[in-house]
Amino acid sequence: VNSEHCPPEAHKTQPWKQLSLERSLRHAEPCQVLSLQFITGPPTLCAVRLGLLDPDDNVEETFSFKYHDAPNMPDFMVLKRHYEDSMSHRWLKGDKFRCLIDQAWWEGIVVSKSAVDEEHYPESPWKRIIVKWDNEPDKERLSGWDIEPLPKDTRSSKRRSPTKKHSSQSREDGSSSSRQTFSFGASNPNTGPLDPYILRYYHSYGNWGLESREEFKERFSSALLQAMELPEAQEFLYPVSFTDHPDYYMIVGYPIELTTMHNRLSEDHYRSLDSVLWEIRQLELNARVYNEDDSQIVRDVTSLATRLTLFVKTSSFKDITTDVTLGMIAEELERRESSGINAEYGGRGK
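Residue positions are counted from 1 within each chain, in the order its sequence is given. In view of the model being predicted, local features appear only for residues whose pLDDT reaches at least 70, and side-chain atom pairs are presented and counted only at 80 or more, with totals across whole chains, interfaces and linings using the full set of residues. To obtain the side-chain values, all non-hydrogen atoms of the structure were included, while hydrogens and water were left out.

A few words on the packing of helix α7 (residues 296-313) against helix α8 (residues 326-339). All axes here are fitted lines through C-alpha atoms, helices being fitted over the stretch that makes contact, and every angle between N-to-C directions spans 0 to 180 degrees. Runs of E in the DSSP output that reach at least two residues are strands. Runs of H or I that reach at least four are helices, and both are numbered from the N terminus. Following both chains from N to C, one finds α7 and α8 inclined at 100 degrees, their axes separated by 10 Å at the closest point. One way to sum up the angle between α7 and α8 is to call them roughly perpendicular. Along its contact with α7, which presents Thr302, Ser303, Thr306, Arg307 and Leu310, the element α8 presents Leu326, Met328, Ile329, Glu332, Leu333 and Arg336. To sort the angles, those under 35 degrees are grouped as roughly parallel, those over 145 as roughly antiparallel, those from 65 to 115 as roughly perpendicular, and the leftovers as oblique. Should any heavy atoms of two residues lie within 4.5 Å, those residues are counted as being in contact.

This is the structure:
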């Protein structure tokens, strides 16, 4: 991040300076996402609160920051499972690899390995691998989680001449560059279903309550289709039309609706029950932020989101229209009101 010429004031507000640890930060720290919020821009920001984990996976301290996608900015948060997978692989000089960029595979060879900052972080895996792309003389630095071994059944093919295409990798010296990659035909386009290797994620027991991931997926997929037939769901079936509501996407930072949720479920987008529940809550938040509190659409989304939440949390429920009763919804809304949860949802007021 520092190499991207951040303004001086940015260095004074580095989020890790919020921590009061008695130890120094390591080159990589395990964290848990405790909360996140999308703030409309431009640019749209993602506000994240992370919990720093101790060796027993308990939250040691918390800190917050805001960020947005920017050119030449490498990922600084990596899914722990992918990090662990990358650290378990021993890359050697001459190893072939591939990297997924813009839905296409780019291939290259490992040249060497060395730390970007030998003085302060000699053991850091960050951009530790120096590589050379096929048919391109320049060397660049990548992290282990950016690349994967080239499958044995991958066939070599002749490449066309390279043309400039933006990427967010870094040069061998660690500085960023908009490197040359190849035009279509010079890479292996990643069409069709993603390689299972890319979708790799080992789901721990408890991520899906008392169910397996597949059991929940089948149960909730059917429930979403049932929910789409409900009267209160009709305004939340598809993305909001920009033509009809041109200001919507300037007010709502994370649009979501039932069709997208159903598609994401079928594509294994969700990694836990919590991620499903978060998007249901976001569905309600969006409607409350954009509409007046006493509007019919807010009453509809409140009923719909409550019904979906109760269904997700109860693994024995099979039919969202009959298992979740109006009495249950009313009881849950009363509980929310008495505990002050409704205040968190905000809204435009009257």
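Still more to cover.
Here we take up the pattern of salt bridges. Here, a salt bridge means any side-chain nitrogen of Lys or Arg that lies within 4 Å of a carboxyl oxygen of Asp or Glu. All chains considered together, the criterion is met by 15 salt bridges. A salt bridge links glutamate 60 to arginine 23, with the nearest nitrogen and oxygen atoms 3.3 Å apart. Here glutamate 60, found in strand β3 (residues 59-67), pairs with arginine 23, found in the loop between α1 (8-12) and β1 (31-39); they are 37 residues apart in sequence, far enough to count as distant. Since its relative accessible area comes to 36%, glutamate 60 is described here as partly exposed. By sharing partners, the salt bridges in this structure join Arg23, Arg26, Glu29 and Glu60 into a single network. Burial status follows relative accessibility: with a 1.4 Å probe on protein chains alone, a residue under 20% of its type maximum counts as buried, one over 50% as exposed, and anything between as partly exposed.

Core analysis: the largest hydrophobic core is formed by 35 residues, its most contacted members being Phe220, Leu258, Val276, Ile280 and Leu308. Those elements giving two or more residues to this core turn out to be α3 (213-227), α5 (258-266), α6 (273-290) and α7. Excluding residues that lie within four positions of it along the chain, leucine 258 makes contacts with Leu224, Met228, Ala233, Phe236, Leu237, Leu283, Leu304 and Leu308. By nonpolar core is meant a set of buried Ala, Val, Leu, Ile, Met, Phe, Trp, Tyr and Cys residues that side-chain atoms within 4.5 Å join together.

Glancing now at the layout of surface pockets. Estimates place the volume of the second largest pocket at around 350 Å³. When residues of the lining of the second largest pocket are assigned to their parent elements, the largest contribution, four residues, is made by α6. When its residues are assigned to classes, the lining of the second largest pocket shows twelve nonpolar, five polar and three charged. Here a cavity denotes grid points, spaced 1 Å and computed from the protein atoms alone, that fit a 1.4 Å probe unable to get out, and a pocket denotes an open set having protein on both sides within 12 Å along at least 5 of 7 lines; residues with an atom within 4 Å of a point are the lining. Grid points are joined across faces, edges and corners, and a volume is the space filled by probe spheres set on the points. Classification convention: Asp, Glu, Lys, Arg as charged; Ala, Val, Leu, Ile, Met, Phe, Trp, Tyr, Cys, Pro as nonpolar; all other residues, Gly among them, as polar.

Between any two strands, pairing holds if DSSP finds at least two bridges. Within the open sheet, the three strands sit side by side as β1-β2-β3. Their pairing is antiparallel. The sheet is open, and its two borders are formed by β1 and β3, each paired with just one other strand. Within the sheet, the average angular offset between the axes of one strand and its neighbour, ignoring direction, is 15 degrees. Sheet topology note: the β1/strand β2 (residues 45-53) ladder contains eight bridges and is antiparallel. Its bridge partner being in β2, valine 33 is matched across the sheet by leucine 50.

Before going further, it helps to examine the packing of α3 against α5. In a packed pair of helices, the relevant descriptors are the angle between the two axes and the axis-to-axis distance. Their axes nearest at 10 Å, the elements α3 and α5 cross at an angle of 160 degrees. Classified by the angle their axes make, α3 and α5 are roughly antiparallel. Viewed along their axes, α3 and α5 form a crossing whose handedness is left-handed. Contacts between α3 and α5 involve Phe216, Lys217, Phe220, Ser221, Leu224 and Leu225 on the former and, on the latter, Leu258, Met261, His262, Leu265 and Ser266. A per-class count over the contact of α3 with α5 returns seven nonpolar, three polar and one charged. Left-handed describes a crossing whose near helix is turned anticlockwise from the far helix through less than a right angle; right-handed describes the clockwise counterpart.

So, on to empty space enclosed by the protein. Under the criterion given, the structure shown has one cavity of 30 Å³ or more. Considering only enclosed or pocket space, the largest cavity measures out at about 50 Å³ in volume. If you trace the largest cavity, you find it lined by Trp208, Arg213, Phe216, Lys217, Arg264, Leu265, Asp268, His269 and Tyr270. Mapped onto the lining of the largest cavity, the elements with two or more residues apiece are α3 and α5. Top element by residues in the lining of the largest cavity is α3. It accounts for three residues. Classifying every residue of the lining of the largest cavity gives four nonpolar, one polar and four charged.

All buried positions along α5 are accounted for by Leu258, Met261, His262, Arg264 and Leu265. Down the axis of α5, the buried set is contained in an arc of 165 degrees. They therefore lie on one face. Those residues of α5 that are buried lie in contact with α3, α6 and α7. Identification of polar contacts relies on pairs of N or O atoms within 3.5 Å, with a donor-acceptor requirement for protein atoms, meaning one able to donate a hydrogen and the other able to accept it, and with residues adjacent in sequence counted only if both atoms are side-chain atoms. For α5, the capping residue at the N-terminal end is glutamate 257, with a side-chain oxygen 3.2 Å from the backbone nitrogen of threonine 259. Two residues or fewer after α5 comes aspartate 268, characterised by a positive phi angle close to 60 degrees. Throughout, the arc means the angular range of directions from the helix axis out to the C-beta atoms.

Below, the discussion takes up α7. Working rule for helices: expected span equals 1.5 Å times residues minus one. Spanning 18 residues, α7 covers 26 Å between terminal C-alpha atoms, matching the ideal 26 Å at 1.5 Å per step. Of all 18 residues in α7, 13 are buried, a share of seventy percent or more.

Given two aromatic rings, one states the distance between the centres and the angle between the planes to describe the pair. Side-chain rings of Phe, Tyr and Trp (the six-membered ring for Trp) are treated as a pair once their centres are within 6.5 Å; stacked means planes under 30 degrees apart, edge-to-face means over 60, and tilted covers the remaining angles. Taken as a whole and judged by the stated rule, the model has 15 aromatic pairs. The interplanar angle of 80 degrees and the centroid separation of 4.9 Å between the aromatic rings of tyrosine 254 and tryptophan 278 together place this pair among those described as edge-to-face. Of this pair, tyrosine 254 sits in the loop between α4 (248-251) and α5 while tryptophan 278 sits in helix α6, and the two are 24 residues apart along the sequence. Under the relative-accessibility criterion, tyrosine 254 is labelled buried at 16%. Put simply, the rings of Phe63, Phe65, Tyr67 and Phe76 pair up and form one aromatic cluster.

To continue, consider the confidence of the model for the protein. pLDDT is defined as a per-residue confidence score from the predictor, taking values between 0 and 100. Summary statistics for the protein give a mean pLDDT of 81 and a share of 77% for residues scoring 70 or more. Considering only residues more than four positions removed or in separate chains, one finds that residues 156-169, a stretch of pLDDT under 50, has 45 contacts. This stretch, residues 174-187, has a pLDDT under 50; its non-local contacts, to residues over four places away or in other chains, come to 55 contacts.

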